[in-house]
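# Chain and residue survey
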Amino acid sequence: MSISLYNTLTRSKDAFTPLDTDSVRMYVCGPTVYDYVHIGNAVPAVAFDVLFRLLRHTYGEDHVTYVRNITDVDDKIIERAAESGDDITSLTARTAEAYQRDMAGLNNLAPSVEPRATDHITYMIEMISGLIDKGHAYAAEGHVLFRVASDPDYGVLSRRSLDDMIAGARVEVAPYKEEAGDFVLWKPSDDDTPGWESPWGRGRPGWHIECSAMSKAYLGETFDIHGGGIDLIFPHHESEIAQSACSHGGAPLANVWMHNGFITVEGQKMSKSLGNFFTVHELLEDWPGEVLRYTLIAGNYRQPLDWTQKGVTQARQNLDRLYTALRGLDDVAAAEAAPDDRLVAALGDDLNTPLALSVLHDLAGQANRAEDDAGKARLKGVLLASADLLGLLQMPVADWFQGGDDVDAAAIEEMIAQRTEARKNKDFAESDRIRDALAAQGIILEDGPEGTSWKKA
């Protein structure tokens, strides 16, 4: 099976050829942990989880390494800790765990490795020292800065001149810089700020060097795929490329660079001041994680995504159809099966998840029409295997429709029994009252030849 991926570096969709088919390697920029992450932070996590699943399917689970880092030393973290009076270590530990729970709630697989920046300071100091020795970095007033002028390829990813990049970004102009575009590799720390001893004094790393050091530690100097949001192209990924290539004698950091698009909410930029800022934690309180996941993969990962109430509701309805097909197959065990070739091919075409979802619904339609047990068993197996590549249909059917542990199923069944008795006695007023009372609780009744079933609205 072939995989083609859009490479930001080449601006083209190219056939993916791993450096080593026995060791396919991918790095994705993870969160800076100081608060619950918003739904925009979930876009790369879900998109690259789908890619991780596809790579594992293609090359074997034991032959793919996926690294997604945790940034637990950063100025935003320091500021939040100062505002809250919280201990930085406690703050980052708590919010990192919350992030992991939220991502698991969206059915993301755990990455192969999830390194924390603070555990890799020595790697960063070593890389910075090497850059100084090679003339690509310099120390000044307790800082160490990357000398952008020393790298003629700087700008290769964004394809803009340095002047254009600086004009379009927030670049700190400081007297200790040789040039305005030089970026920080190491910065000094005072007594109240986290810091580590280094050849340049007590300090902490800059943001860009963290990912270069951690990716090298687990994936080597050059690996297959580097992913992240489109907003990271400059300065983060551009700077990663420069410092890593200069550190490694020109060897590229990654062969394929992938970036997901921006997210808006109801057509507007997400902002706390507009009241349209949604954290994954909040959304998971109102919706099953699979609904959020379906919404995120309903469009192409590279395109802008507009998060709307209508879109989330539609995702819930689409998943209801898929789970309804599975409920119709309750009487057969799933046959061992591989994912549908059409769905695999869709994902292999630069993660075409909208097409993959259409294949999933076609399989559900076939399942609804299946008559013999052998056909049902085969389709159930293919449907589940195909859905697994997308991280969907992971819940027991009853839990999907009936809400799991947060619903008093016994009380609902008792009310249904009372309604059934009322109908037998032709007490339709009481029957309607019970139905309306359940509807007010968000419980929908479905009457059929085998009795009454129920599900959450």
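For the structure, see preceding data.
Computed from a predicted model, the values in this text were never measured in an experiment.

Enumeration according to the criterion identifies 20 salt bridges in this entry. Linked through salt bridges whose partners overlap, the residues forming this network are Asp49, Arg53, Arg293 and Asp388.

With 79 residues, the main nonpolar core has Leu51, Leu55, Trp307 and Leu392 as its most contacted residues. Listed in part, the 36 residues of the second largest apolar core include Ala137, Ile209, Met214 and Ile233.

Strand order in the open sheet formed by four strands is 5-6-7-8, and the pairing between neighbours is antiparallel. Edge positions in the sheet fall to strand 5 (137-140) and strand 8 (203-205), since each of these pairs with one other strand and no more. Recorded for the sheet is a direction-independent mean angle of 20° between the axes of neighbouring strands. Relative to strand 7 (residues 183-188), helix 4 (residues 121-133) is tilted by about 120°, and along the sheet it contacts strand 5, strand 6 (143-146), strand 7 and strand 8.

Right, let's get into the packing of helix 10 (residues 309-327) against helix 12 (residues 353-369). Interaxial distance between helix 10 and helix 12 falls to 9 Å at its minimum, and their mutual angle equals 40°. Our classification of the angle between helix 10 and helix 12 gives oblique. Crossing geometry of helix 10 relative to helix 12 is assigned as left-handed. Residue-level contacts link Asn318, Leu322 and Ala325 of helix 10 to Leu360, His361, Ala364, Ala367 and Asn368 of helix 12.

Calculation notes
- Residues numbered from 1 in each chain as written.
- Predicted model: local features only at pLDDT ≥ 70, side-chain atom pairs only at ≥ 80, totals over all residues.
- Heavy atoms only, no water.
- Salt bridge = Lys/Arg side-chain N within 4 Å of Asp/Glu carboxyl O.
- Core = buried A, V, L, I, M, F, W, Y, C linked by side-chain atoms within 4.5 Å.
- Buried < 20%, exposed > 50% of the residue type's maximum accessible area, 1.4 Å probe, protein only.
- Pairing = 2+ DSSP bridges.
- Helix = DSSP H or I, 4+ residues; strand = E, 2+ residues; numbered from the N terminus.
- Axes fitted to C-alpha atoms, helices over the stretch in contact; angles between N-to-C directions.
- Contact = heavy atoms within 4.5 Å.
- Parallel < 35°, antiparallel > 145°, perpendicular 65-115°, else oblique.
- Left-handed = near helix turned anticlockwise from the far one by under 90°.

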